[in-house]
Amino acid sequence: MSDYEPYELNILYRAAHSVMWELADKSGILGDLGLTIRSMEFSENSKKAEAALFDSSIDFVAGNHITPYLWVARGRPIVCLASPGNGVSDSVITKDRIASLDEFKGRGMRVADSNLIDPWGGIHHPRGNHILDVERAGYDADEVEWLEMGHLGEADLPERLVEAVASGKADVAFGGGRSAEKLEKEGLHVLRLPTLPMVNGTTITTTYDTLHQKDGLADRLVRAMILTIHYARVHPEESQKLLDTKLGRPYAENGGRAAGVARYPIRPYPTTEGVANAYELCCMQHEEAKAISPMALWDMHYLRQLDLSGFIDELVQEEPESMRGLGSEPSWMS
């Protein structure tokens, strides 16, 4: 990899998706690939992130899952190269103990949740997931009343959601911000829903313009993701120590959970159902996205080439037996 020109990366990340790339940097993996991080900043909304992509002020977005399909439909050169997170497992709070959401069938269901549309006009990804959770439980739109209690991130939103169920205003609430044990003491119950296939992890979202201008960038980014997952599995304690330590990097060192990176699959392909569900959330807001295939956004040939070369197989052989074949835990990687 020393044949590649050195390059400084400018990254925007959504949610908590800086963890992978902070570990890639601090472990020396990026350096071995001739890469360093010049900037890595949080983006509170997809519009800002995508505008930065298209004006070439950043190289990629870590974790941008819904609106990219719209830009493909509009003919823009946006592309996703890998997705190590392809499932979410949500929970609901109820007053009466239930075994599944379908127990409210026939009488309607009032659901307390965060607002669907964020302050910048996009869909809150978790709320979109919850709509699909309810649909998968067998509900039509006219059978559900959504009670919007505020935007994600508002400090008192968890309390509002719990209160909506406790007061009888809602039958169920997504989230809540309290432990199941504490809620049980208050007479409420937590139900874990079936895993929902959904692209949700630290996707590599970039543009072909950027990839064509930067020598071997796609291969290096995909390789770095694979090597970082491997490193977190083989060196779990050192990985966590690196994330916990401030090393004077030129970006905000937010740290995170190394175990979350280790749980990602070593072959970070998106799943068909995960892509389809993320695409459905885009189409929910943007009718024009229905004109494209859900897979039009994805270019897997860089990952496929690495896979066929035996590169990943060799890494797997170095991993502890308990880690081999480990997939992605179906939860938000926070």
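Anything mentioned here points back to the structure above.
Our subject in this report is the structure included herewith. Nothing here was measured: the structure is a model prediction, and the numbers come from that model.

## Observations regarding the overall build of the chain
Assigned secondary structure in the chain consists of 14 helices and 12 strands. On C-alpha atoms alone, the chain measures out to a radius of gyration of 21 Å, which is about the 20 Å that the 2.2 N^0.38 rule sets for 334 residues. Dimensions of the chain, computed from the C-alpha atoms along their principal axes, are close to 65 × 45 × 35 Å. Taking the contacts inside the chain whose residues are at least 6 apart along the sequence as the reference set, 81% of them involve residues at least 24 apart. Split by element, the accessible area of the chain, about 14500 Å² in all, is 50% carbon and sulfur. A gap of 3 Å separates the mean positions of the 33 positive and 51 negative side-chain charges of the chain.

## Here's the deal with the packing of helix α9 (residues 217–234) against helix α13 (residues 301–308)
At a minimum axis separation of 9 Å, α9 and α13 run at an interaxial angle of 60°. The angle between α9 and α13 falls in the class oblique. Considering only the axes of α9 and α13, their crossing is right-handed. Residues Ala218, Asp219, Val222, Arg223 and Ile226 of α9 form the contact with α13, whose participating residues are Tyr302, Leu303 and Leu306. For the contact of α9 with α13, the per-class residue count stands at six nonpolar, no polar and two charged.

## Observations concerning the sheet that holds strand β3 (residues 60–62)
Pairing within the open sheet is mixed, and its five strands lie in the order β2-β1-β3-β12-β4. Whereas interior strands pair on both sides, the edge strands pair on one side only; in this sheet they are β2 (35–42) and β4 (78–80). When the angles between neighbouring strand axes are averaged without regard to direction, this sheet yields 30°. The pairing of strand β1 (residues 7–13) with β3 spans three bridges and is parallel.

## Remarks on the packing of aromatic side chains
Each aromatic ring pair is described using two quantities: the centre-to-centre distance and the angle formed by the ring planes. One pass over the structure, following the stated rule, counts five aromatic pairs. Consider the rings of Phe54 and Trp71, whose centres lie 5.2 Å apart with planes at 70°: the pair is edge-to-face. Within this pair, whereas Phe54 is found in helix α3 (residues 46–54), its partner Trp71 is found in helix α4 (residues 68–73), the two being separated by 17 residues in sequence. Across the ring face of Trp71, the terminal group of Arg74 is positioned such that the distance to the ring centre comes to 5.3 Å. A cation sits over an aromatic face here: Arg223 above Phe311, 4.8 Å from the ring centre.

## Some words on the sheet that holds strand β10 (residues 189–192)
Strand pairing in a sheet relies on backbone hydrogen bonds, with the paired strands running either antiparallel or parallel. Taken in spatial order, the five strands of this open sheet run β8-β7-β9-β6-β10, and their pairing is mixed. The open sheet has two edge strands with one neighbour each: β8 (144–148) and β10. Between one strand axis and the next, the sheet turns through 30° on average, direction left out of account. Across four bridges, strand β6 (residues 91–94) lies against β10 in antiparallel orientation.

## Section: the environment of Ala173
For Ala173, the position within the fold is in strand β9 (residues 172–174). Separated by 78 residues in the primary sequence, Ala173 and Lys95 have C-alpha atoms spaced 9.8 Å apart.

## Details of the packing of helix α1 (residues 19–26) against helix α10 (residues 236–244)
At a minimum axis distance of 10 Å, the contact between α1 and α10 shows a crossing angle of 100°. In terms of their interaxial angle, α1 and α10 are classed as roughly perpendicular. Each of Val19, Glu22, Leu23 and Lys26 in α1 lies in contact with α10, whose residues at this interface are Ser239, Leu242 and Leu243.

Rules behind the numbers
Residues numbered from 1 in each chain as written. Predicted model: local features only at pLDDT ≥ 70, side-chain atom pairs only at ≥ 80, totals over all residues. Heavy atoms only, no water. Helix = DSSP H or I, 4+ residues; strand = E, 2+ residues; numbered from the N terminus. Rg over C-alpha atoms; globule rule 2.2 N^0.38 Å. Contact = heavy atoms within 4.5 Å. Areas by Shrake-Rupley, 256 points an atom, 1.4 Å probe, with all protein chains shown as cover. Lys, Arg positive; Asp, Glu negative; His and termini not counted. Charge placed at Lys NZ, Arg CZ, Asp CG, Glu CD. Axes fitted to C-alpha atoms, helices over the stretch in contact; angles between N-to-C directions. Parallel < 35°, antiparallel > 145°, perpendicular 65-115°, else oblique. Left-handed = near helix turned anticlockwise from the far one by under 90°. Nonpolar A, V, L, I, M, F, W, Y, C, P; charged D, E, K, R; others polar. Pairing = 2+ DSSP bridges. Phe/Tyr/Trp six-rings, centres within 6.5 Å; stacked < 30°, edge-to-face > 60°. Lys NZ or Arg CZ within 6 Å of the ring centre and 35° of its normal.

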